[in-house]
Number of protein chains: 4
Amino acid sequence: MARGVNKVILIGNLGQDPDTRYTPNGNAVVNLNLATDESYKDRQTGQMVPKTEWHRIVLFGKVAEVAGQYLRKGSKVYIEGKLQTRKWQGQDGQDRYTTEVVVDINGQMQMLDSRGDGGGMNQGAPAGRPQQSNYNAPAAPQGNPQQQSGGYNQPSQGSMPEPVDDFDDDIPF
Amino acid sequence: MARGVNKVILIGNLGQDPDTRYTPNGNAVVNLNLATDESYKDRQTGQMVPKTEWHRIVLFGKVAEVAGQYLRKGSKVYIEGKLQTRKWQGQDGQDRYTTEVVVDINGQMQMLDSRGDGGGMNQGAPAGRPQQSNYNAPAAPQGNPQQQSGGYNQPSQGSMPEPVDDFDDDIPF
Amino acid sequence: MARGVNKVILIGNLGQDPDTRYTPNGNAVVNLNLATDESYKDRQTGQMVPKTEWHRIVLFGKVAEVAGQYLRKGSKVYIEGKLQTRKWQGQDGQDRYTTEVVVDINGQMQMLDSRGDGGGMNQGAPAGRPQQSNYNAPAAPQGNPQQQSGGYNQPSQGSMPEPVDDFDDDIPF
Amino acid sequence: MARGVNKVILIGNLGQDPDTRYTPNGNAVVNLNLATDESYKDRQTGQMVPKTEWHRIVLFGKVAEVAGQYLRKGSKVYIEGKLQTRKWQGQDGQDRYTTEVVVDINGQMQMLDSRGDGGGMNQGAPAGRPQQSNYNAPAAPQGNPQQQSGGYNQPSQGSMPEPVDDFDDDIPF
DNA sequence: TTTT
DNA sequence: TTTT
């Protein structure tokens, strides 16, 4: 239920392979870094200047499993989710905020191609092995705080904790 | 032009009066703090738990002027804009990131009522005087970083700089 | 599941009270006539010309019950649904098509006020009695075909049949 | 300007090549037939049943030119526009209504691939010759009324007139 | 870090 | 009439 509207719609390409983790109950949580491109006319030069915006996407439940399995660096994807800002403590003890686009059972994810980055033509075919990095988070992308935490759900001061979802962890979506 | 899609749609209420500033060229730039409400079922208690998400909105051009003039704390509003993340330096010299919903000529703002917070019934009527705080930013609401900068376009290290828009500052939207 | 995206987002006002009907299984099906206003500059006169677009909305399940109970002629409402075109036979035996915005469990309905048309101030309060017209449909508003059918689920040639939803009629949404 | 919200977002595939026409002033007007796919669970069989919805899209201005040039039967496309219902007279003199998704300067069109239907790999490359049928309208697709009119802007009773846009015809978008 |  |  909602007494408001909170909706985000994005189409862009993945800057890297999905980062798949699992909750203690075995539910997938997938992070994506999504680039949306825009260009605008520079008033000095009159030239069109490309501009890339990077978005941090978090998927839960079944849509997370599909994303983790089929999406790869470079994949074009449609995302429908909601904005959520999480508070966490930096190593200096100060508050930090990270805004993410959360895709849960109310959201949507549509693969618009399935190209991996190996140059392969695996159109519509699942990648061999879903990437899973439960122990070693990748370096954070531009525009997002460093992610140095250990396993999912073990945030600690001085690192960015993982997102939590509103839904019951025991019941798969 | 865009080779991607970057769209945010929100309906919520203002947590405080709009913060109106002006660029050197006299164009309005308005910041809003918008709350969207949601509720979800707590799995322990089975109760519905209300949850408020706060969004930082930045309006440019004509829509900014209208927002600054007619919106007030408590106003219900429809916002259509795009996600944008800005990088700035904290007082400790470290990088910080703030994600905002930018409403420019491609976006939309719809007043869904015009209630001020004084309990007045100025339904559909303009507020007496548009609030303008070019010298003293209000404290940030829950879920958003503190805003301690001075006037618009004078960011300094240790404070959060103001957003900049892609559009020609001299040409009103 | 969907391999495409089909989404409609509207904010407007009801041209008349909701038309509530029930399936044989007791599920509510509500029809709304929603007006969205726009204005554009006439190139002859240079004047802004108002233009109203009428939309036929069909709600199913729980959201239908809420709509039927709380919405009234004049109510402002947010609608999120999908486009659906139904084929039916006119009295002359020829095919007709009606496009509707369908709001089911994947959609959303948000009351933006609860004004009835009696000029009452029942803000946020339920109307006394949900209107139900299972036997006598109101005349269609501007921009929509006449609705002359009998009870729900008894379409006949020469009238516009009622919409059907994809979902199991026995299981409430 | 708008005092309401009227927005449609679609991702689907073209059922046929675009139909490009020109106004007397030389502005392109392009019609698309777009299929969006969905599937739902049949309650009798428990099977997933595919369901296709067809949409009539009308593009104006620059986005129309791009669509006419680069899209082909089978192309996947993102459409953002508004709902509009047009009234016209059937050959029997009776009123008919056709609902379209209008994409003008406020809308958006994104090619999600550029595949033509000849099986060619013209990825991102313009098709040899933009289809133009100013004299001979194609048979109407399923889910849409027959289109039997002559050239653009010469509707007559007994046929479905072409759509008109709110914008000044002389000024390219 | 993506894509065209 | 499309697509996977």
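Definitions and cut-offs
- Residues numbered from 1 in each chain as written.
- Chains lettered and ligands numbered in written order.
- Predicted model: local features only at pLDDT ≥ 70, side-chain atom pairs only at ≥ 80, totals over all residues.
- Heavy atoms only, no water.
- Helix = DSSP H or I, 4+ residues; strand = E, 2+ residues; numbered from the N terminus.
- Buried < 20%, exposed > 50% of the residue type's maximum accessible area, 1.4 Å probe, protein only.
- Contact = heavy atoms within 4.5 Å.
- Least-squares fit on C-alpha atoms with pLDDT ≥ 70 in both.
- Salt bridge = Lys/Arg side-chain N within 4 Å of Asp/Glu carboxyl O.
- Buried area = accessible area lost by both parts, 1.4 Å probe.
- Polar contact = N/O pair within 3.5 Å; in protein donor to acceptor, adjacent residues only side chain to side chain.
- Nonpolar A, V, L, I, M, F, W, Y, C, P; charged D, E, K, R; others polar.
- Pairing = 2+ DSSP bridges.
- Arc of directions from axis to C-beta.
- pLDDT = per-residue confidence, 0-100.
- Lys, Arg positive; Asp, Glu negative; His and termini not counted.

1. A look at the overall build of chain A
Right, on to step 1. A tally of helices and strands in chain A yields 1 helix and 7 strands.
Right, on to step 2. Mapped in sequence order, the helices and strands of chain A form the string β-β-β-β-α-β-β-β.
Right, on to step 3. Counting every position in chain A, which comprises 173 residues, the buried fraction comes to 51%.
Right, on to step 4. Taking as baseline every contact in chain A between residues at least 6 positions apart, the subset at least 24 positions apart corresponds to 64%.

2. Description of the environment of Tyr22 of chain A
Residues and elements named next belong to chain A.
Right, on to step 1. Tracing the sequence through the fold places Tyr22 in strand β2 (residues 19–22).
Right, on to step 2. Residue classification places Tyr22 among the partly exposed positions, given a relative accessible area of 29%.
Right, on to step 3. Through-space distance from the C-alpha of Tyr22 to that of Phe60 is 9.7 Å; in sequence the pair is 38 residues apart.

3. Some points on the environment of Leu34 of chain C
Residue and element names in this part refer to chain C.
Right, on to step 1. In this fold, Leu34 is placed in strand β3 (residues 28–41).
Right, on to step 2. Leu34 sits in the buried class, given a relative accessible area of 0%.
Right, on to step 3. In sequence terms Leu34 and Gln16 are 18 residues apart; their C-alpha atoms lie 8.4 Å from each other.
Right, on to step 4. Not counting the four nearest positions on each side in its chain, Leu34 is found in contact with Leu10, Gly12, Asn13, Leu14, Glu53, Trp54, His55, Ile57, Val77 and Ile79.

4. Quick notes on the relation of the copies chain A and chain D
Right, on to step 1. The two copies are related by a screw operation: chain A maps onto chain D through 180° of rotation and 0.0 Å of translation along the axis, at an RMSD of 0.0 Å. Taken together, the turn and the small shift mark the pair as related by a two-fold rotation axis. The rotation axis passes nearest to the C-alpha of Leu112 of chain A in chain A, at a distance of 3.4 Å.
Right, on to step 2. A share of 100% of interface residues in chain A that are also interface residues in chain D marks the association as one of identical surfaces.

5. Quick notes on the pattern of salt bridges
Side chains that differ in charge, positive against negative, can pair when their charged atoms come close.
Right, on to step 1. By the definition in use, this model includes 42 salt bridges over all chains.
Right, on to step 2. A salt bridge links Lys7 of chain A to Glu80 of chain A; its shortest N-O distance comes to 2.9 Å. Here Lys7 of chain A is found in strand β1 (residues 5–14), whereas its partner Glu80 of chain A is found in strand β5 (residues 76–89), with 73 residues between them in sequence.
Right, on to step 3. Using a relative accessible area of 8% as the deciding quantity, one classes Lys7 of chain A as buried.
Right, on to step 4. Residue Glu80 of chain A is classed as buried on the basis of its relative accessible area, which comes to 3%.
Right, on to step 5. Each of Lys7 and Glu80 of chain A together with Lys7 and Glu80 of chain C takes part in one network of salt bridges that share partners.

6. Quick word on the interface of chain B and chain A
Right, on to step 1. Facing 41 residues of chain B, the contacting portion of chain A comprises 42 residues.
Right, on to step 2. Buried surface at the junction of chain B and chain A, both sides included, amounts to about 3,600 Å², of which 45% is carbon and sulfur.
Right, on to step 3. Applying the counting criterion to the chain B and chain A interface returns 5 salt bridges.
Right, on to step 4. The interface formed by chain B and chain A contains 16 residue pairs in polar contact (both at pLDDT 80 or more).
Right, on to step 5. Breaking the side of chain B that touches chain A down by element, the ones donating at least two residues are β1 (5–14), β3 (28–41), β4 (48–60), β5 (76–89) and β6 (95–103) of chain B.
Right, on to step 6. Looking at the side of chain B that touches chain A element by element, the count peaks at 7 residues for β1 of chain B.
Right, on to step 7. Split by residue class, the side of chain B that touches chain A holds 14 nonpolar, 11 polar and 16 charged.
Right, on to step 8. Bridging between β1 of chain A and β1 of chain B involves 7 bridges; their strand directions are antiparallel. Bridging from a neighbouring strand, Ile11 of chain A pairs with Val5 of chain B of β1 of chain B.

7. Thoughts on helix α1 (residues 61–70) of chain D
Residues and elements named next belong to chain D.
Right, on to step 1. Within the sequence span of α1, burial applies to Gly61, Val63, Ala64, Ala67 and Gly68. Each buried residue of α1 lies within a common arc of 135° when the element is viewed along its axis, so the set occupies one face.
Right, on to step 2. Lining the buried residues of α1 we find β2 (19–22), β3 (28–41), β4 (48–60), β6 (95–103) and β7 (108–111).

8. A look at the relation of the copies chain B and chain A
Right, on to step 1. When chain B is fitted onto chain A, the two copies agree to an RMSD of 0.1 Å after a turn of 180° and an axial shift of 0.0 Å.
Right, on to step 2. Comparing interface residues between copies, 100% of those in chain B also sit at the interface in chain A, which points to an isologous, same-surface contact.

9. Some thoughts on the interface of chain A and chain D
Right, on to step 1. Taken residue by residue, the interface counts 5 residues in chain A and 5 residues in chain D.
Right, on to step 2. Buried area between chain A and chain D, both sides added, is near 480 Å², and the carbon and sulfur share of it is 86%.
Right, on to step 3. There are 0 salt bridges connecting chain A and chain D.
Right, on to step 4. Elements with a minimum of two residues in the side of chain A that touches chain D: β1 and β5 of chain A.
Right, on to step 5. A breakdown of the residues in the side of chain A that touches chain D according to their chemical character gives 4 nonpolar, no polar and 1 charged.

10. Concerning the side chain of Asn6 of chain C
Residue and element names in this part refer to chain C.
Right, on to step 1. Topologically, Asn6 is positioned in strand β1 (residues 5–14).
Right, on to step 2. Look at Asn6 and you get buried, because its relative accessible area is 18%.
Right, on to step 3. Looking at Asn6, its side chain comes within polar contact range of the main-chain nitrogen of Leu83, at 2.9 Å.

11. Section: the pairing of β4 of chain B
Residue and element names in this part refer to chain B.
Right, on to step 1. Bridge analysis of β3 against β4 gives 13 bridges, and the strand direction is antiparallel. Considered in β4, the bridge of Asn33 is made with Arg56.
Right, on to step 2. The turn linking β3 back onto β4 is made up of 6 residues, and Gly46 within it adopts a positive phi angle of 75°.
Right, on to step 3. By the bridge criterion, 3 bridges tie β4 to β6 in an arrangement that is parallel. Across the sheet, the residue bridging to Leu59 is Val103, located in β6.

12. A word on the confidence of the model for chain A
All names here are of chain A.
Right, on to step 1. Per-residue confidence for chain A averages 76 on the pLDDT scale, and 65% of its residues sit at or above 70.
Right, on to step 2. When pLDDT is averaged over each element of chain A, β1 comes out on top at 98 and strand β3 (residues 28–41) at the bottom at 95.
Right, on to step 3. Within the model, pLDDT remains below 50 along residues 116–157, and this stretch shows 84 contacts once partners closer than five positions in the same chain are excluded.
Right, on to step 4. Across residues 167–173 the pLDDT falls below 50, and counting only partners more than four positions away or on other chains, this stretch makes 18 contacts in the model.

13. Quick word on the side chain of Arg72 of chain C
Residues and elements named next belong to chain C.
Right, on to step 1. Topologically, Arg72 is positioned in the loop between α1 (61–70) and β5 (76–89).
Right, on to step 2. Of the buried charged residues, Arg72 lacks a salt bridge, with Asp17 as the closest side chain of opposite charge at 4.5 Å.
Right, on to step 3. Separated by 3.3 Å, the side chain of Arg72 and the backbone oxygen of Gly68 make a polar contact.

14. So, the environment of Ala67 of chain A
Residue and element names in this part refer to chain A.
Right, on to step 1. Of note, Ala67 is situated in helix α1 (residues 62–70).
Right, on to step 2. Residue class for Ala67 comes out buried when judged on its relative accessible area of 0%.
Right, on to step 3. Note: C-alpha distance between Ala67 and Thr20 (47 residues apart in sequence) is 8.9 Å.
Right, on to step 4. Aside from chain neighbours lying at most four places away, what touches Ala67 is Pro18, Val30, Leu59 and Met109.

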